[in-house]
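# Analysis of the macromolecular model
Each chain, written out:
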Amino acid sequence: IAHECIIGDHLVMSSHAALGGHVELGNHVNIGWGAGLHQFCRVGDYAMVGAASKVVQDVPPYMIADGSPAMVRTTNKVGLERNGFSADEINTARRVFKMFYKEGLNRRQAAEKLSAEMPQGSAIATTFLRFVEASERGLS
């Protein structure tokens, strides 16, 4: 873990993984074996980075990123279930994933669509949207 990193609670970080300077990790993050995170990247709450991944952009909350360079592949369904999220909350995370990664929208369009269709009082949607709006490196 390099200089000026901000690490949330309940991090699981396997051996040989490395964080560049100024990396920010949310709560309940899982970093797989040998993963490398570029400086100034962020990983949101309940996200997972796969083993041997090279992270050069932000990984949003509730998602799994994998590869070199890392790309968001799906929602972290098992991680959410293990942490007591309801089926409705997990379904909301899945809808958010589809909106941002499967519908062919750019980040601004997807954020506008999420804002318009956000389930009333959804912590999942609100947290995801805030993370996206604060992203400076772009999304994986």
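Residues numbered from 1 in each chain as written. Predicted model: local features only at pLDDT ≥ 70, side-chain atom pairs only at ≥ 80, totals over all residues. Heavy atoms only, no water.

Across the sheet, which stays open at both edges, the five strands sit in the order 2-5-8-10-11 with mixed pairing between neighbours. The open sheet has two edge strands with one neighbour each: strand 2 (12-13) and strand 11 (70-75). As defined by bridge partners, strand 10 (residues 63-67) adjoins strand 11 across five bridges and the pair is classed as antiparallel. Counterpart to isoleucine 64 in the pairing with strand 11 is threonine 74. (Pairing = 2+ DSSP bridges. Helix = DSSP H or I, 4+ residues; strand = E, 2+ residues; numbered from the N terminus.)

This part takes up helix 4 (residues 123-134). Spacing of three or four residues puts side chains on the same side of an α-helix, whose turn is 3.6 residues. Between its terminal C-alpha atoms helix 4 stretches 17 Å, which fits the 16 Å expected from twelve residues at 1.5 Å a residue. Every buried residue of helix 4 is listed here: Ile124, Ala125, Phe128, Leu129, Phe131 and Val132. The buried residues of helix 4 occupy one face: seen down the axis, they fall within an arc of 160 degrees. Facing away from the buried surface of helix 4 by more than 90 degrees, the exposed residues are Arg130 and Glu133. Where helix 4 is buried, its residues touch strand 7 (42-43), strand 10, helix 2 (87-101) and helix 3 (107-117). (Expected span 1.5 Å × (residues − 1). Buried < 20%, exposed > 50% of the residue type's maximum accessible area, 1.4 Å probe, protein only. Arc of directions from axis to C-beta. Contact = heavy atoms within 4.5 Å.)

Serine 68 connects to proline 69 through a cis peptide bond whose omega is 5 degrees. Along the chain, the position of proline 69 falls in the loop between strand 10 and strand 11. In this model, phenylalanine 40 sits at a positive phi of 70 degrees, which is unusual for a non-glycine residue. Checked against the element boundaries, phenylalanine 40 lands in the loop between strand 6 (36-37) and strand 7. You will see that tyrosine 46, though not glycine, has its phi angle at about 60 degrees, which is positive. Within the secondary structure, tyrosine 46 is located in the loop between strand 7 and strand 8 (48-49).

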